[in-house]
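Results of the structural survey
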Amino acid sequence: MDAMIDLKQLRENPARFALGAKAKNIPVDIERLLELDGERRRLQAEADRLRAEQNRLAKESGPQIGKLKGQLKGKHGPEAEALQKEIDALASRPIALKQAVQEMEARLASLEPSLREILLQVPQPPDADVPVGRSAEDNVELRRWSPPGFDPSAPFAAQRGFRPKSHLELVRDLGLADFERGVKLSGSRSYVLTGDGMNLHQAVLRYAADWMVYREGFRAMSVPVLVKEEAMVGTGFFPAGREQAYLVDEKSRSGGPEGYDLFLTGTGEVGLMGLHMDEILDESALPLKYVTVSTCFRREAGAAGKDTAGLYRIHQFDKVEQVVICRADEAESRAWHARMIGYVEAILRSLEIPHRLLQCCTADLGPKNADMVDIESWMPGRGEPGPDGSPTGAYGETHSASRLYDFQCRRLNMRYRSGGAKGHGETVFCHSLNNTVLASPRFLIPLLENHQNADGSVTIPGPLRPYMGGRERIGP
RNA sequence: GGUGAGGUGGCUGAGCGGUCGAAAGCGCCGGACUUGAAAUCCGGUAGGGGGCUCGUCUCCCUCGUGGGUUCGAAUCCCACCCUCACCGCCA
């Protein structure tokens with residue numbers, strides 16, 4: 001069975017996993033898991049013992065049978081009969097054992113599915129320094145930033161001299177998106193980016209990707225967005241997130257058992273992390289720093305009625321994603337987490353987008369994370385309408401930085417050999433981290449809304465201008 | 001989509017029913033030689049799981065994956081996955 005969570009650790013300290021699951025509000029029957037594990041180990045030991053005996057007999061009698069068969073060649077009559085009898089006697093010795101082994105194996109096999117099912121559901125326990133909470137409401141703000149001369153907590157109109165438009169109004173008035181035709185083509189939560197909407201979309205993606213590649217030395221990758229189930233399970237998105245993923249049903253289409261289903265990935269993380277599945281890496285190759293820009297697909301099951309309008313919650317978008325795969329060292333992994341968050345903060349500052357960092361509480365972590373920090377960008381057009389009917393603005397999630405220890409790499413069977421240069425040490429599961437660099441078109445919301453002008457135009461922030469043909473503004 | 005060949009350790013590649021977890025070469029590690037290095041020589045070198053008297057201990061599993069035949073399978077049979085070559089189609 002593949003490594004999910006470390007069964008040894010679970011046996012030694014089941015409470016840690018039970019409490020961790022509870023803090024995450026994820027139901028999982030650790031008691032039952034321990035029972036099944038114990039039962040399996042008992043059967044395994046017994047089967048091993050029987051098989052060892054069987055092997056011993058076979059090893060003993062094998063060469064003898066071979067020798068006797070050699071003597072049998074060309075012989076006839078009573079002499080041949082005697083030899084044949086001897087051969088049969090030798091051959092029959094392991095038969096009883098064989099049946100016993102088969103029985104044990106059958107019992108073992110019947111145990112595996114339920115064991116595996118539970119094992120796959122056990123979440124990574126949250127780190128001790130993650131605040132315990134019941135929902136996203138209990139996330140804790142770490143810090144916030146806004147460009148000089150603008151304060152998100154004060155009314156937009158008072159500071160900028162006009163009432164802000166929401167991104168919906170901006171994209172309509174400036175001709176940046178066409179929702180009607182998007183819906184015509186693909187149903188709800190679909191859109192078409194038009195003209196400068198598409199230009200801006202490509203500009204921010206390229207800007208973010210270039211930042212990671214040319215400033216931070218990440219390796220640019222194009223990875224599949226259509227992947228096997230293995231990759232979804234390995235990266236920890238399945239089984240819990242199965243409802244969130246689009247399925248390309250190749251299995252039933254073929255009408256037979258051949259072929260397998262494929263899934264559309266909801267993040268480039270799946271492709272990047274899946275790259276080294278089942279590999280043993282050289283320690284000297286670590287850390288691996290990858291960045292990809294990929295189209296992401298999400299069913300948004302369970303989000304019916306939420307954020308139905310505009311570019312916020314949509315089924316398909318593009319995302320620049322960073323992952324780091326490093327040695328199994330908590331301090332190193334924590335340092336990378338901070339650094340990866342720092343890249344995003346720097347990008348947001350360079351684009352003059354007010355934002356804040358949230359330490360996610362235990363309930364908001366999801367099964368795979370030990371720790372997660374969200375970054376929310378200020379969206380002046382979001383939130384409840386104020387007394388004058390214009391939006392008051394709100395922070396909206398645009399980034400999410402996860403620290404996973406070896407949770408993913410266990411599932412992906414992704415290891416390195418420890419022990420210095422070309423070391424001869426043990427194989428160890430890598431640690432992994434991931435963080436959004438920039439997701440668009442959601443990011444167009446804070447970009448357009450924060451940089452809108454009184455005349456309805458939108459100023460293109462300086463760093464994006466090279467990606468927009470040198471232009472300074474969109475609109476009149 | 002059609003036809004053919006093939007998937008073996010970090011790599012190349014032999015093995016085609018028993019002593020094979022597996023020849024040989026390369027690579028890598030350790031040692032000898034050397035002022036140092038190269039060359040040479042000697043030795044070592046897959047992964048996973050279990051047991052205890054925890055050790056230069058022991059057992060089990062793994063030769064693409066899953067089944068089957070057999071006393072015994074890397075080797076024979078079936079299905080699937082994948083790779084390569086040629087043909088057809090095609091952004």
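Keep in mind the model is a prediction, meaning the values are calculated, not measured.

This part takes up the packing of aromatic side chains. Two descriptors summarise a pair of aromatic rings, namely the distance from one centre to the other and the angle between the planes of the rings. For the coordinates displayed, the defined rule picks out seven aromatic pairs. Ring geometry for Tyr 207 versus Tyr 467: centroids 6.1 Å apart, planes at 70°, classification edge-to-face. Here Tyr 207, found in helix α9 (residues 196–215), pairs with Tyr 467, found in the loop between β17 (458–459) and β18 (473–474); they are 260 residues apart in sequence, far enough to count as distant. Each ring, one from Trp 378 and one from Tyr 395, has its centre 5.0 Å from the other, and the planes form 70°; the classification is edge-to-face. Taken together, the positions of Trp 378 in strand β12 (residues 371–379) and Tyr 395 in strand β13 (residues 394–403) put the pair 17 residues apart, joining distant regions of the chain. Take Trp 378 and Tyr 395: they sit in the same class, and that class is buried. Through a chain of ring-to-ring contacts, the aromatic side chains of Phe 150, Phe 156 and Phe 162 assemble into a single cluster. Across the ring face of Phe 17, the terminal group of Arg 16 is positioned such that the distance to the ring centre comes to 4.9 Å. For Arg 442, the ring lying beneath its charged end belongs to Tyr 312, and the centroid distance is 3.7 Å.

Moving on: the side chain of Glu 345. For Glu 345, the location among the structural elements is in helix α13 (residues 330–350). Here the side chain of Glu 345 touches Arg 143 through a polar contact of 2.9 Å, side chain to side chain. Every residue in contact with Glu 345, bar those within four places of it in the chain, is listed here: Arg 143, His 355, Leu 357 and Ile 375.

Before going further, it helps to spend a moment on unusual backbone geometry. Residue Pro 287 follows Leu 286 across a cis peptide bond; omega there is -5°. Relative to the helices and strands, Pro 287 resides in the loop between β8 (280–282) and β9 (288–297). For the bond from Ser 440 to Pro 441, the omega torsion is 15°, close enough to zero to count as cis. With respect to the helices and strands, the residue Pro 441 is situated in the loop between β16 (431–440) and α15 (444–450). Of note in this structure, Glu 300 is not a glycine but carries a positive phi near 55°. Position of Glu 300 among the secondary structure elements: in the loop between β9 and β10 (316–326). Despite not being glycine, Glu 352 shows a phi value in the positive range, around 55°. Within the fold, Glu 352 resides in the loop between α13 and β11 (355–359).

A few words on the sheet that holds strand β4 (residues 219–221). Either a parallel or an antiparallel arrangement is found when strands of a sheet pair, and the pairing is made through backbone hydrogen bonds. Spatially, eight strands are ordered β1-β11-β12-β13-β16-β10-β9-β4 in an open sheet, and the strand pairing comes out mixed. Strand pairing shows two members of the sheet lacking a second neighbour, β1 (140–145) and β4, which therefore form its edges. When strand polarity is set aside, the average angle formed by the axes of neighbouring strands in this sheet is 25°. Where β11 meets β12, five bridges bridge the pair, whose relative direction is antiparallel. For Gln 359, the partnering residue across the bridge sits in β12 and is Val 373.

Rules used in this analysis
- Residues numbered from 1 in each chain as written.
- Chains lettered and ligands numbered in written order.
- Predicted model: local features only at pLDDT ≥ 70, side-chain atom pairs only at ≥ 80, totals over all residues.
- Heavy atoms only, no water.
- Phe/Tyr/Trp six-rings, centres within 6.5 Å; stacked < 30°, edge-to-face > 60°.
- Helix = DSSP H or I, 4+ residues; strand = E, 2+ residues; numbered from the N terminus.
- Buried < 20%, exposed > 50% of the residue type's maximum accessible area, 1.4 Å probe, protein only.
- Lys NZ or Arg CZ within 6 Å of the ring centre and 35° of its normal.
- Polar contact = N/O pair within 3.5 Å; in protein donor to acceptor, adjacent residues only side chain to side chain.
- Contact = heavy atoms within 4.5 Å.
- Pairing = 2+ DSSP bridges.
- Axes fitted to C-alpha atoms, helices over the stretch in contact; angles between N-to-C directions.

Interpretation note: all reported values are geometric properties and have no functional meaning in isolation.
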